[in-house]
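Topology and contacts: notes
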Amino acid sequence: MKKRMSTEIVNLEKEDVDKISCTCGCELFDTSFKLAVLSSLHPKNPEKEDMIVPEQVFVCRKCGEILDTDKDNIKKLKLDAMKKK
Ligand SMILES: [Zn+2]
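Residues numbered from 1 in each chain as written. Predicted model: local features only at pLDDT ≥ 70, side-chain atom pairs only at ≥ 80, totals over all residues.

A word on the overall build of the protein. Looking only at helices and strands, the protein features one helix and two strands. Taken from N to C terminus, the helices and strands of the protein fall in the order β-β-α. Counting over 85 residues, the protein shows a buried share of 1%. Pairs at least 24 residues apart make up 52% of the contacts formed inside the protein by residues separated by at least 6 positions. (Helix = DSSP H or I, 4+ residues; strand = E, 2+ residues; numbered from the N terminus. Buried ≥ 20, exposed ≤ 12 C-beta atoms within 10 Å, placed from the backbone. Contact = placed C-beta atoms within 7 Å.)

Bringing the pairing of strand 2 (residues 51-60) into the picture now. Across the ten residues that make up strand 2, only a small minority, zero, are buried. As judged from the ten bridges shared by strand 1 (residues 29-38) and strand 2, these two strands associate in the antiparallel manner. Bridging across to strand 2, Asp-30 finds its partner in Val-59. (Pairing = 2+ DSSP bridges.)

Averaged over all residues, the pLDDT of the protein is 86; the fraction at 70 or higher stands at 87%. By mean pLDDT, the top-scoring element of the protein is strand 1 (96), and the lowest-scoring one is helix 1 (residues 71-84) (82). (pLDDT = per-residue confidence, 0-100.)

Attention shifts here to the environment of Cys-60. Summarising the element assignment, Cys-60 is placed in strand 2. A tally of 19 C-beta atoms within 10 Å means that Cys-60 is categorised as partly exposed. On a C-alpha basis, the gap between Cys-60 and Ser-21 in space is 8.6 Å, while along the polypeptide they are 39 residues apart.

Time to look at the environment of Val-57. For Val-57, the position within the fold is in strand 2. Judged by the 15 C-beta atoms lying within 10 Å of it, Val-57 is partly exposed. Sequence separation between Val-57 and Phe-33 is 24 residues, and the spatial gap between their C-alpha atoms is 5.6 Å.

Here is the structure:
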């Protein structure tokens, strides 16, 4: 497996970021995992066994909806957040 790059950003101020909230307005999310299986027969599978592939998702604490972290959706959420200011 590839090593994950560190995404830690130092010296980031509160003002540097735009808050993202759920469509219901809630700003708190829990991390959760979606699980998929990579078949042992798949050419991208280095092992010869079925592999569990976790995908981290953010779940809204209020309504339980999964936050869509698709690039386009993030852009939209950012615009919505700016409108609220
Ligand atoms: Zn929500």
